[in-house]
Amino acid sequence: MLLPGASIVEKGTTNGVTSDSDGNFTIRVGQSAVLVVTYLGYKPQEVNVSGRTNVTVALELDATGLGEVEVVAVGYGTQKKENLTSAISTIKAEDITTTTSSSLAQSLQGKVPGLQIRQQDGEPGSFSSSINIRGFGEPLYVIDGIVRDGGVEFQQLNPNDIESITILKDASAAIYGLNAANGVILVTTKKGVIGKPTFNYNGTVGFQTPTNVPEMSTAGQYLEMYNDAVFYRDGNHYLSADELQNWREGGAGFRSTDWFDETFKDYATQHQHNFSVRGGTEKADYFVSLGTFSEGGLFKSNDINYNRYNFRSNLGLQLTDNLRAEVMLSGKYSEREYPGGDGFMWIYKGTIISHPHERPFINDDPNFPANIHNQQNPVLMAQDSYAGYTTNENKDFTSSASLAWDVPFLQGLEARATASYDSRNMFNKNVWKNYTVYSQDLAPQVINPPRIANAIDDANRLVFQGQLTYENTFFDKHNVSATAVFEQKHYEKKYSYLKREYDFFTTDVVDFAGGLQTNSGSEVEEATMSYIGRVNYDFAAKYLASFAFRYDGSYRYAPGHRWAFFPTVSAGWRISEENFVKNNFNFINDLKIRGSYGQIGENVGAAFQHVLGFSPAANQGAEFTNGIVTGGMVAPGVINPNFTWVESTIADIGVEGSFFNDKLSFEADYYEREKTGKLKTREGGLPNTFGGEMPIENLESELTRGFDFIVSHRNSINDFTYGISANMNLARTMHKVVDKPDPTSSWDRWRHGFPDRWNDMVWGYDRIGQFQNQDQINEGPIHGGNLGNSRILPGDFMYDDVNGDGIIDGKDVMPIFRNGTPKLFYGFTLTADYKNFDMTAVFQGAALYTIRFNEVYSQMFFNGGNIPAYFYDRWHLANPYDPNSEWVPGKWPANRFAEYMQSSYRESDAWRMNASYLRMKSLEVGYTIPAHITGKSFLNQVRVYANAHNLLTFSDSFLKQFDPEKHEGQYQGGYNYPLMQSFNFGVNVSF
């Protein structure tokens, strides 16, 4: 097994290096030098160089049987993994960087049990992946010990700067208290190491192409289906048979337009470059990095792109024998640009609904942009020069400085003080330009009223931590550690928005727009204070116990409710340390059962709901004096002096073990979280005569239950090393206490009741087939409401008459579908190394959820536009011009306009589709140039590699065209940017 991060030091000197991610190292020493090689959990080994230039070192596991001892970040400190009593997962740097993506979340997907990640779209710079721990919700993000911004900022971290990421999945997250009920993601960045400076460059260049895009109808297909729809409605045809045939053949003057191909190119490029230096002495160590990432978009105009620049500097100083200082600085500048002022959605929608028998330009002359159906010409909307543009700039700076003092008069006691200051500035600029389009007779029309808008966001965070840590061993077997922390946070955010309309567009500066003006703004200030404590105890690393608490205070609540105490306890038993196991089951390296139980508070909801006061009323008032308007005030609604913390109680029981010299390992957990006091504006228990405004109250509760596991196998056979791991997480949430009006009947309770029901169920009709002929329509249950079955045609969907009353209506719906949130996430990782070659493949999947599109993808001729090509496989007359011809069966009902299709548009499995999938998330193959070649120069190591992202997808053949991982997007219309499949080539050089 390769050991990245092993320490190699020339004996008797400070000359040292660490092994890279493949276990390789290069060090310059004399011919008679002795190397001291160490790695945590393994026996140290001294190696005589004896004039050799290539040395292979094989370390032995420590005789204590502890195997690969890992030190894991646990919140305000670290702990040996073997002694953990909580559900905590860790992923190291070398496992993160095997996936190349602009988003750090994509580098983690499928690799960590309980970490649920779903990529919602692939737009450059959007970072819209949802991140969820165990089905609880969006986690808290802690970077180098400080709570930082949310998922968007986390996803933009440079993965090459990261040492490890730890996931706190159970009540262990309580140590971070405020809003940690959904779990915590801890990021530890790289720091300096003792040794000569090591310079590292990592660069990749690649291209991206959409995974899948639904195909829209050609001109011939669209006009044929539209012709049918007109006939079914009016009894007449839209086109003659000859004209329709011309469009089918696509000759001169009857050319079909593929609007997606007219607007988008086949691929976009991306590249990233990272440079770092790492080293140090006993007095000072350092890690400094610079990184850049550039991602282009798919528009042929090249007017969509994202660029990011990162830097990080982590400096450690040993000021005295007992006093150490750390200064950690990082910054990021990013710029995202795209055409138009309204976002990608409207451009993409234009490629879907635009008629395929229209052209982007009149007679294909670019001097005359076409005024097409709905005036959503995507070719124009995708160009800055026509539609305008949007620019989003973000500047982020994070910093922390700490002093750690090893108290000399009490062994094991450390005092630490940390101060952190973070700043974030955002500037967003939207410019809408007007432009001229032409009808077929070249009559001009100016569209897209010119406007300009600027949005400015400025946020600052200040954190202070004072911490005492004590660790010692008594009587050889009693190990005790304790941590006490005082933490105070202050956060400010100011936002302003200004928008003006142009009388006529001149230049993209607000002062040049003299029309109607709209302004808005807000300011937020928050402060919290916390007292934190934790005590860990273990007896001979066999019996383990931990107690932790947070005493949190928030400005948000009324006096008497501002402070709350949140404790957590956990315990573990390392069965493998018992003599009866050691003496009889020597294949067991480690076996432990553990459990945890604790409470966490969420500091959420609008502040000061206990305060009775009037509020200014915008645009309201009275004119008491001629020409002078006196502003008005709004009377307060009902106040809530009892408004308080939302509380989560989390219980977890787990078992973990490793066997056969760590060749086989596993970890499994069952967990429950009950969240009480969820916020809700009261609906139930109010008389109809009540006309006041109710406050938010702590009214509802829910229960989440789940299971996750990971099992791994690794082995070496001569020069071949391989590994395989599989992980899974299944979670569901149940409504417990729900505030709703009392049911009016048993059916109302059955249909609309919530208590003690899973929250992922969707009601719909059980589709049992399609009508085959008119007789079946006449004899079947009524599907069309007051119109009976008069608008039903052969091929229309049939539904189960659940209550047997002969009418298909709302009383026949059943809870037969799951909603759009996956309940099951799973992943597989395969690794292999043979001599200088290495390979990593990651598979990721999700199940137990559905996708349901609205608008274009589920309604024929939506807004009078084009329709997906799959609707061409429909029931239709063999001869559309002969109403007496035979019906030809198809997958979909006969093409009609919406008012004639209401029965077939009912919620059923025709539209709400099982979205389960498995995808090869990433594949990377690398080759490290042998050391005897690179060692002759200044180079320590050179590794070249190629990787692919979103390479293969296995799912329902029909759903695959939408990409089942992708979210439905705005309006559930599927108008979001396609997910991208990427292919990259890279090189990693250290010297």
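Residues numbered from 1 in each chain as written. Predicted model: local features only at pLDDT ≥ 70, side-chain atom pairs only at ≥ 80, totals over all residues. Heavy atoms only, no water.

### So, the overall build of the protein chain
Helix and strand content of the protein chain: 13 helices and 48 strands. Its C-alpha radius of gyration of 32 Å places the protein chain within 12% of the 30 Å reference for a compact globule of 991 residues. Structurally, the protein chain occupies a C-alpha span of about 95 × 70 × 70 Å along its principal axes. With 991 residues in all, the protein chain has 51% of them scored as buried. Per element, the accessible surface of the protein chain, about 44000 Å² overall, is 54% carbon and sulfur. Across the protein chain, the centroid of the 83 positively charged side chains sits 5 Å from that of the 113 negatively charged ones. (Helix = DSSP H or I, 4+ residues; strand = E, 2+ residues; numbered from the N terminus. Rg over C-alpha atoms; globule rule 2.2 N^0.38 Å. Buried < 20%, exposed > 50% of the residue type's maximum accessible area, 1.4 Å probe, protein only. Areas by Shrake-Rupley, 256 points an atom, 1.4 Å probe, with all protein chains shown as cover. Lys, Arg positive; Asp, Glu negative; His and termini not counted. Charge placed at Lys NZ, Arg CZ, Asp CG, Glu CD.)

### Quick word on the pairing of strand β8 (residues 115–118)
Judged by which residues are buried, β8 turns out to be covered on both faces: Leu115 and Ile117 on one side and Gln116 and Arg118 on the other are all buried. Bridge analysis of β8 against strand β9 (residues 130–133) gives four bridges, and the strand direction is antiparallel. Pairing of Ile117 across the sheet is with Ile131, part of β9. (Pairing = 2+ DSSP bridges.)

### Some points on the sheet that holds strand β7 (residues 88–92)
Strand order in this open sheet of five strands is β7-β12-β13-β10-β11, and the pairing throughout is mixed. Each edge of the open sheet is held by one strand with a lone partner, namely β7 and β11 (146–147). In the sheet, strand β12 (residues 162–168) pairs with strand β13 (residues 184–189) via six bridges, with the strands oriented antiparallel. Note on β13: the bridge partner recorded for Ile162 is Thr189.

### Regarding unusual backbone geometry
Phi at Asp364 is positive, roughly 60°, even though this residue is not glycine. Tracing the backbone through its elements, the reader meets Asp364 in the loop between α7 (344–353) and α8 (378–381). Of note in the backbone geometry, Leu848 takes a positive phi value of approximately 60° without being a glycine. By the element assignment, Leu848 lies in the loop between β41 (837–847) and β42 (850–852).

### Some remarks on the packing of aromatic side chains
The full count for this structure, using the stated rule, is 66 aromatic pairs. Ring geometry for Tyr222 against Tyr226: centres 5.8 Å apart, planes inclined by 25°, an arrangement best described as stacked. In this pair, Tyr222 and Tyr226 both sit in helix α4 (residues 219–234), four residues apart, roughly one turn of the helix. Both rings, one in Phe707 and one in Phe709, keep their centres 6.0 Å apart while their planes meet at 40°; by these two values the pair is tilted. Classification of Phe707 as partly exposed rests on a relative accessible area of 33%. By way of ring pairs, the aromatic residues Phe797, Phe853, Tyr857, Tyr870, Phe871, Trp892, Tyr905, Trp911, Phe958 and Phe962 are connected into one cluster. A cation over an aromatic ring shows up here: Arg874 above the ring of Tyr872, its NZ or CZ 4.7 Å from the ring centre. The ring of Phe958 has Lys891 sitting right over it, with the charged end atom 3.9 Å from the ring centre. (Phe/Tyr/Trp six-rings, centres within 6.5 Å; stacked < 30°, edge-to-face > 60°. Lys NZ or Arg CZ within 6 Å of the ring centre and 35° of its normal.)

### Some points on the pattern of salt bridges
In the structure shown here, the tally under the stated rule is 63 salt bridges. Residue Asp669 pairs with Arg594 through a salt bridge whose shortest N-O separation is 2.6 Å. With Asp669 in strand β32 (residues 664–681) and Arg594 in strand β28 (residues 588–602), this residue pair connects regions lying 75 residues apart in the sequence. The same class applies to Asp669 as to Arg594, namely buried. Among the ionic contacts, a cluster of salt bridges with common partners joins Lys81, Arg134, Lys169, Lys592, Arg594, Asp652, Glu656, Glu667, Asp669 and Asp708. (Salt bridge = Lys/Arg side-chain N within 4 Å of Asp/Glu carboxyl O.)

### Here's the deal with the side chain of Gln106
Topologically, Gln106 is positioned in helix α2 (residues 104–108). Residue classification places Gln106 among the buried positions, given a relative accessible area of 1%. One polar contact links Gln106 to Gln109, side chain to side chain, over a distance of 3.4 Å. At 3.5 Å, the side chain of Gln106 and the side chain of His949 are in polar contact. In this structure Gln106 touches Thr99, Ser101, Ile117, Gln119, Ser129, Lys921 and His949, once residues within four positions along its chain are discounted. (Polar contact = N/O pair within 3.5 Å; in protein donor to acceptor, adjacent residues only side chain to side chain. Contact = heavy atoms within 4.5 Å.)

### Section: the pairing of strand β19 (residues 388–406)
With 17 bridges joining them, strand β18 (residues 323–339) and β19 adopt antiparallel strand pairing. Bridging across to β19, Ala325 finds its partner in Leu403. Here 19 bridges tie β19 to strand β20 (residues 413–432), and the two strands are oriented antiparallel to one another. Considered in β20, the bridge of Thr398 is made with Asp422. Here β19 folds back onto β20 in antiparallel fashion, the turn holding six residues, of which Gly412 has a positive phi close to 90°.

### As for the sheet that holds strand β1 (residues 7–10)
The strand order across the open sheet formed by four strands is β2-β1-β3-β4, and the pairing between neighbours is antiparallel. Because the sheet does not close on itself, it has two edges, and the strands there are β2 (16–18) and β4 (45–48). The sheet shows a mean angle of 20° between the axes of neighbouring strands, direction not considered. Relative to β2, β1 runs antiparallel, the two sharing three bridges. Looking at β2, one finds that Ser7 is bridged to Thr18. (Axes fitted to C-alpha atoms, helices over the stretch in contact; angles between N-to-C directions.)

### Some remarks on α7
Buried residues dominate α7, accounting for nine of its ten residues. Residues of α7 that are buried include every one of Phe344, Met345, Ile347, Tyr348, Lys349, Gly350, Thr351, Ile352 and Ile353, and no others. Looking at the buried residues of α7, the elements they touch are α6 (259–263), β18 and α8.

### Quick look at the environment of Gly806
Mapped onto the elements of the fold, Gly806 is located in the loop between β38 (797–799) and β39 (814–818). Note on Gly806: relative accessible area 28%, which makes it partly exposed. Placed 39 residues apart in sequence, Gly806 and Arg767 show a C-alpha to C-alpha distance of 15 Å.

### Quick look at the packing of α4 against helix α5 (residues 241–249)
Close contact between α4 and α5 brings their axes to 7 Å; oriented N to C, the two are set at 150°. By the angle between their axes, α4 is roughly antiparallel relative to α5. Contacts between α4 and α5 involve Ala219, Gly220, Leu223, Glu224 and Asn227 on the former and, on the latter, Leu244, Trp247 and Arg248. Partitioned by chemical class, the residues of the contact of α4 with α5 number four nonpolar, two polar and two charged. (Parallel < 35°, antiparallel > 145°, perpendicular 65-115°, else oblique. Nonpolar A, V, L, I, M, F, W, Y, C, P; charged D, E, K, R; others polar.)

### A word on the environment of Thr644
Note on placement: Thr644 falls in the loop between β30 (628–634) and β31 (646–659). By relative accessible area, which is 22% here, Thr644 ends up partly exposed. With 86 residues separating them in the primary sequence, Thr644 and Ala558 have C-alpha atoms 7.9 Å apart. Non-local contacts of Thr644, meaning those with residues more than four positions away in its chain, are made with Tyr557, His561 and Asn698.

### Observations regarding a negative patch on the surface
Judged by side-chain charge, Glu215, Asp258, Asp261 and Asp266 come together as a negatively charged surface patch. For Asp258, the position within the fold is in the loop between α5 and α6. (Patch = residues over 30% accessible without salt bridge, like charges linked within 9 Å, V, L, I, M, F, W, Y side chains within 5 Å.)

### With respect to a nonpolar patch on the surface
Taken together, Tyr543, Trp573, Phe580, Phe585, Phe587, Ile593, Phe660, Leu664 and Val711 make up a surface patch of nonpolar side chains, about 770 Å² in accessible area. Among the secondary structure elements, Phe585 is positioned in the loop between α10 (579–582) and β28. Residue Phe585 is classed as partly exposed on the basis of its relative accessible area, which comes to 37%.

### A closer look at the confidence of the model for the protein chain
This prediction gives the protein chain a mean pLDDT of 91; 97% of its residues lie at or above 70. When the criterion is pLDDT under 50, residues 63–68 qualifies, and its contacts beyond four places in sequence or with other chains add up to 15 contacts. (pLDDT = per-residue confidence, 0-100.)

### A word on the side chain of Lys332
Mapped onto the fold, Lys332 is located in strand β18. In this view, Lys332 contacts Glu153, Gln156, Arg308, Tyr309, Asn310, Asn394, Lys395 and Asp396; residues no more than four positions away in its chain are not counted.

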